[in-house]
Amino acid sequence: MASKPGILTEWPWTWLGNFKYVVLAPFVAHSIHSFFLSKDEKQRDIVNFIIFPFLLSRMIHNQIWISLSRYRTAKGDNRIVDKSIEFDQVDRERTWDDQIIFNGLLFYYGYMKLEQSHHIPFWRTDGIILTALIHIGPVEFLYYWLHRALHHHFLYSRYHSHHHSSIVTEPITSVIHPFAEHVAYFALFAIPMLTAILTGTASIVSLGGYITYIDFMNNMGHCNFELIPKWIFSVFPPLKYLMYTPSYHSLHHTQFRTNYSLFMPMYDYIYNTLDKSSDTLYEKSLERVGESPDVVHLTHLTTAESIYHLRLGFSSLASQPHTSKWYFPIMWPITLWSTMITWFYGHAFIVERNTFKNLKLQTWVVPKYRVQYFMPRQRESISNLMEKAIIEADQKGVKVLTLGLLNQELLSMNGEQYIKRNPELKVKLVDGSSLAVAVVLNSIPKGTTQVVLGGHLSKVAYSIALALCKDGIQVITLSENDYNMLKARLTPKAATNLVTSITFTPKTWLVGDGLSEEQQLKAPKGTLFIPFSQFPPRKARKDCFYFHTPAMIAPKHLENVDSCENWLPRRVMSAWRIAGILHALEGWNEHECGDKMFDIEKAYKASLDHGFRPLTLTSATESKA
């Protein structure tokens with residue numbers, strides 16, 4: 001929102017929320033009916049019919065740019081601005097599709113009112129040339145002066161400051177403007193299209209191509225990485241006056257009073273508003289090489305729809321804990337295509353870059369879904385992928401590699417063997433079990449004397465049981481088998497506090513993967529379920545409380561955070577991920593995988609010393625805001 005919102009700031013359909021697309025429904029229905037069901041041949045016009053598919057193609061075009069830009073900026077090569085993107089920018093820019101809805105309404109209205117737009121040909125060379133010339137001349141010239149007017153303090157405070165709230169730009173930043181601004185922009189961009197239509201030279205290519213050109217240049221110019229190679233300007237030097245670059249426009253967002261041109265910098269040269277550092281920033285950005293991270297968090301995909309929740313997917317979904325959306329079933333072809341790729345693609349890829357004090361952090365994703373981790377044939381393939389990732393991290397000089405989700409379980413099984421096979425390995429492998437145990441222990445309400453321990457037993461579960469039994473807290477198991485397995489690992493003295501029972505009165509349950517709905521129903525009303533695994537239990541009770549998986553709230557000096565970690569709230573990190581940061585900060589020169597467990601109290605104290613805060617039910621709710 002602008003600092004002093006002016007009239008026509010809000011979009012007319014803002015009140016419709018997620019149902020805003022219904023404003024297009026009557027026009028789409030009419031175009032489909034007239035094309036397929038109309039008996040009048042004059043009504044069957046491909047021009048009217050393809051408006052909606054064209055709007056969808058624009059959304060796909062924009063999403064491709066979003067994913068590409070986020071991948072490249074996370075990787076670091078050719079990055080322009082180092083400042084971070086935070087959740088407030090993601091929230092502000094989640095309405096980037098408003099301008100596509102607005103354009104669609106105007107396209108349908110224009111088609112109905114202008115007879116000349118009916119049954120236009122697919123191609124007309126003269127119309128394409130006319131459109132290009134009008135854009136180069138009147139459109140670029142008028143936009144330049146409109147843009148300068150928008151930077152006058154009166155209009156800037158009421159409208160354009162909303163766009164400039166994003167210092168670090170993403171492709172969709174290009175269309176984040178108040179409604180009144182978009183009205184002015186469309187009136188400007190409509191000049192070439194209306195001229196071609198009214199002169200009878202318009203074609204599907206000239207109209208669709210012009211809008212696609214605007215989208216392409218807008219998205220490209222707002223990427224935070226430089227992608228225009230230097231040789232292009234060497235081959236054709238005048239091109240520097242006819243095409244801007246991402247670094248050129250980035251200066252406009254950091255300096256504000258320079259580089260006003262739309263796509264063609266010639267007017268900045270003419271009117272002496274060119275930023276003198278444009279060429280220097282361009283060359284530096286092209287030469288920039290991504291920095292090697294200090295800590296890498298290695299995770300993987302979960303459900304089939306989790307591909308959309310990745311930071312490289314839908315930014316609005318990535319900024320929220322994993323939730324199912326009504327439109328996911330409609331997108332099953334894309335979902336199926338993405339799952340098929342995971343069977344063939346054999347390399348972990350980077351999805352996120354953060355900084356913590358002086359540490360450089362990255363998140364890498366193994367391109368495998370959760371279900372694949374339970375397939376015997378896939379486990380060997382996944383192990384190979386993880387080994388490749390570890391080797392790559394070691395070669396890049398990474399200090400610590402942490403394991404997320406099922407990667408932790410898979411490598412813990414043979415992590416020590418892997419280290420023995422690679423004695424020269426410099427990167428430290430950390431599964432974060434010690435901090436996960438500490439977080440669970442500190443989540444148990446004070447004064448608790450009994451807890452129920454359920455779900456599949458793990459390294460974390462054994463350590464929790466041992467710590468509780470040593471402290472005199474009675475641990476009740478859900479089965480005789482769990483009781484025997486735990487007892488075998490406990491000291492005789494600690495084992496006296498381990499019992500098994502068919503009745504469960506404690507209201508604190510520590511649960512892992514595999515906790516069934518039937519077992520949850522045995523808990524008394526008001527029970528607090530505290531997970532000790534990386535995956536939260538499926539909620540079967542409305543009269544109980546479900547805590548998050550072991551996690552903590554990150555301090556403010558964790559920067560560049562604009563996505564959520566799986567199902568955790570905003571700015572909340574899993575204990576397993578935090579553990580790697582602590583290892584690097586404290587300089588702990590040892591592995592934590594296999595059966596090895598780091599000092600639990602030492603790990604928890606270090607987390608508090610570096611600003612991480614315990615996550616409570618109240619703080620978890622607050623962090624969602």
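If you're wondering where the values come from, they're calculated on a predicted model, not measured in any experiment. (Residues numbered from 1 in each chain as written. Predicted model: local features only at pLDDT ≥ 70, side-chain atom pairs only at ≥ 80, totals over all residues. Heavy atoms only, no water.)

Undergrad: Could you give me a rundown of the domain arrangement of the protein chain, with the residues and numbers involved?
TA: In many analyses, interface size is given as the accessible surface area lost on bringing the parts together. Along its sequence, the protein chain is carved into domain 1 (14–229) and domain 2 (295–434 + 575–608). Placing a centre on the C-alpha atoms of domain 1 and another on those of domain 2 gives a separation of 38 Å. Counting from both sides, the interface comprises 15 residues of domain 1 and, opposite them, 13 residues of domain 2. For the pair domain 1 and domain 2, the two sides together bury roughly 1,300 Å², of which 52% comes from carbon and sulfur. (Domains from an automatic or database assignment. Contact = heavy atoms within 4.5 Å. Buried area = accessible area lost by both parts, 1.4 Å probe.)

Undergrad: Requested: an account of the sheet that holds strand β8 (residues 498–500), with residues and values cited.
TA: Sheet architecture is open: six strands sit in the order β8-β7-β6-β9-β10-β11, paired in parallel fashion. Since the sheet does not close on itself, it has two edges, and those belong to β8 and β11 (545–546), each with one partner. Note: strand β10 (residues 528–531) against β11, two bridges, orientation parallel. Across the sheet, Phe 529 pairs through a bridge with Tyr 546, a residue of β11. (Pairing = 2+ DSSP bridges. Helix = DSSP H or I, 4+ residues; strand = E, 2+ residues; numbered from the N terminus.)

Undergrad: Can you lay out the confidence of the model for the protein chain for me, pointing to particular residues and giving the numbers?
TA: Detailed reading of predicted coordinates is not advised where the pLDDT is low. Mean pLDDT over the protein chain: 92, with 98% of residues reaching 70 or higher. Note that pLDDT drops below 50 for residues 619–625; the model gives that stretch eleven contacts with residues more than four away or on any other chain. (pLDDT = per-residue confidence, 0-100.)

Undergrad: Go over the UniProt feature "domain: Fatty acid hydroxylase" (unreviewed entry) in the protein chain with me, naming the residues and quoting the values.
TA: Those places that UniProt annotates as "domain: Fatty acid hydroxylase" (unreviewed entry) correspond, in this numbering, to residues 135–273. Its end C-alpha atoms 20 Å apart, residues 135–273 is made of 61% helix and 0% strand. (UniProt positions renumbered as here; feature names shortened; annotations may be inferred.)

Undergrad: A description of the pairing of strand β2 (residues 349–356) should follow, citing residues and the corresponding values.
TA: Of all eight residues that make up β2, seven are buried, and the element is covered over most of its length. Here β2 pairs with strand β3 (residues 359–366) via seven bridges, running antiparallel. Residue Asn 354 lies in a different strand from β3, and its bridge partner there is Leu 361. Two successive antiparallel strands, β2 and β3, enclose a turn made up of two residues, where Lys 357 displays a positive phi of approximately 55 degrees. For β2 and strand β13 (residues 558–559), the ladder comprises two bridges, and the chain directions are antiparallel. When the bridges of β13 are listed, Phe 356 appears paired with Leu 558. (Buried < 20%, exposed > 50% of the residue type's maximum accessible area, 1.4 Å probe, protein only.)

Undergrad: Please give an account of a nonpolar patch on the surface that cites residues and values.
TA: Together, Phe 141, Leu 142, Trp 145, Ile 270 and Tyr 271 give the surface a local cluster of nonpolar side chains, amounting to about 450 Å² of exposed area. Tallying contributions element by element places helix α6 (residues 125–150) first for the nonpolar patch, with three residues. Overall, the relative accessible area of 39% leaves Leu 142 in the partly exposed class. (Patch = residues over 30% accessible without salt bridge, like charges linked within 9 Å, V, L, I, M, F, W, Y side chains within 5 Å. Areas by Shrake-Rupley, 256 points an atom, 1.4 Å probe, with all protein chains shown as cover. Salt bridge = Lys/Arg side-chain N within 4 Å of Asp/Glu carboxyl O.)

Undergrad: Could you give an account of the nonpolar core, naming the residues involved and the relevant values?
TA: Residues Leu 435, Leu 453, Ile 464, Leu 468, Leu 510, Phe 532 and Phe 612 are the most contacted members of the largest nonpolar core, which totals 56 residues. Beyond its immediate sequence surroundings of up to four residues, Leu 435 is in contact with Ala 575, Ile 578, Ala 579, Leu 582, Ala 603, Tyr 604 and Ser 607. (Core = buried A, V, L, I, M, F, W, Y, C linked by side-chain atoms within 4.5 Å.)

Undergrad: Describe helix α1 (residues 25–36), with residues and values.
TA: Between its first and last C-alpha, α1 extends 17 Å over twelve residues, near the 16 Å set by a 1.5 Å rise per residue. All of the buried residues along α1 are Val 28, Ser 31 and Ser 34. The buried residues of α1 occupy an angular sector of 140 degrees when projected down its axis, which confines them to one face. Turned more than 90 degrees from where α1 packs its buried face, Pro 26 and Phe 36 sit exposed. If you follow the buried residues of α1, they end up packed against α2 (46–49), α3 (51–75) and α5 (98–113). (Expected span 1.5 Å × (residues − 1). Arc of directions from axis to C-beta.)

Undergrad: Help me get a handle on the packing of aromatic side chains, residues and values and all.
TA: Per the stated rule, a full pass over the model turns up 31 aromatic pairs. Measuring from ring centre to ring centre gives 5.2 Å for Trp 11 and Phe 179, while their planes differ by 65 degrees; the resulting arrangement is edge-to-face. Highlighted residues: Trp 11 in the segment before α1 and Phe 179 in helix α8 (residues 179–198), separated in sequence by 168 residues. Of the two residues, Trp 11 and Phe 179, both sit in the buried class. With centroids separated by 5.3 Å and ring planes inclined at 85 degrees, the aromatic side chains of Phe 36 and Phe 49 adopt a geometry described as edge-to-face. Of this pair, Phe 36 sits in helix α1 while Phe 49 sits in helix α2, and the two are 13 residues apart along the sequence. Since its relative accessible area comes to 21%, Phe 49 is described here as partly exposed. (Phe/Tyr/Trp six-rings, centres within 6.5 Å; stacked < 30°, edge-to-face > 60°.)

Undergrad: Summarise the environment of Thr 254; cite the residues concerned and give the values.
TA: Inspection of the secondary structure assignment puts Thr 254 in helix α12 (residues 246–255). Taking C-alpha positions, Thr 254 is 64 Å from Val 499, a pair spaced 245 residues apart along the chain. Beyond its immediate stretch of four places on either side in the chain, Thr 254 contacts Val 81 and Ile 167. A distance of 3.3 Å separates the side chain of Thr 254 from the backbone oxygen of Leu 251, its partner in a polar contact. (Polar contact = N/O pair within 3.5 Å; in protein donor to acceptor, adjacent residues only side chain to side chain.)

Undergrad: Explain the pattern of salt bridges to me, and be specific about the residues and the numbers.
TA: Pairs can form between side chains of opposite charge whenever their charged atoms are close. Using the criterion set out here, one finds 23 salt bridges in the structure. A salt bridge links Arg 288 to Asp 82; the nearest nitrogen and oxygen atoms lie 2.7 Å apart. With Arg 288 in the loop between α14 (278–287) and β1 (295–300) and Asp 82 in the loop between α3 and α4 (87–92), this residue pair connects regions lying 206 residues apart in the sequence. Residue Arg 288 is classed as partly exposed on the basis of its relative accessible area of 22%. Residues Arg 94 and Asp 91 are paired through a salt bridge, measuring 2.6 Å at the closest nitrogen-oxygen approach. Counted as one network, the salt bridges with shared partners bring together Arg 70, Glu 170, Arg 311 and Asp 562.

Undergrad: Residue-level account of the pairing of strand β6 (residues 450–454), with values.
TA: Of all the five residues making up β6, four are buried; the element is thus mostly covered by neighbouring parts of the structure. As paired strands, β6 and strand β7 (residues 474–477) are joined by four bridges and run parallel to one another. From the neighbouring strand, Val 452 faces β7, where its bridge partner is Ile 476. In this fold, β6 hands off to helix α21 (residues 459–470), which returns the chain to β7; that crossover is right-handed. Where β6 lies against strand β9 (residues 508–511), three bridges are found, and the strand directions are parallel. Residue pairing in the sheet places Gly 454 in a bridge with Val 511 of β9. (Right-handed = clockwise from strand over helix to strand, strands pointing away.)

Undergrad: Before we move on, could you go through the packing of helix α20 (residues 433–443) against α21 and cite the residues and values that matter?
TA: Relative orientation of the contacting elements α20 and α21 amounts to 50 degrees, with a least axis distance of 9 Å. For the element pair α20 / α21, the angle class is oblique. As for how α20 packs across α21, the hand of that crossing is right-handed. Seen from α20, the contacting residues are Ser 433, Ala 436, Val 437, Val 440 and Leu 441; seen from α21, they are Lys 459, Val 460, Ser 463, Ile 464, Ala 467 and Leu 468. For the contact of α20 with α21, a count of residues per class yields eight nonpolar, two polar and one charged. (Axes fitted to C-alpha atoms, helices over the stretch in contact; angles between N-to-C directions. Parallel < 35°, antiparallel > 145°, perpendicular 65-115°, else oblique. Left-handed = near helix turned anticlockwise from the far one by under 90°. Nonpolar A, V, L, I, M, F, W, Y, C, P; charged D, E, K, R; others polar.)

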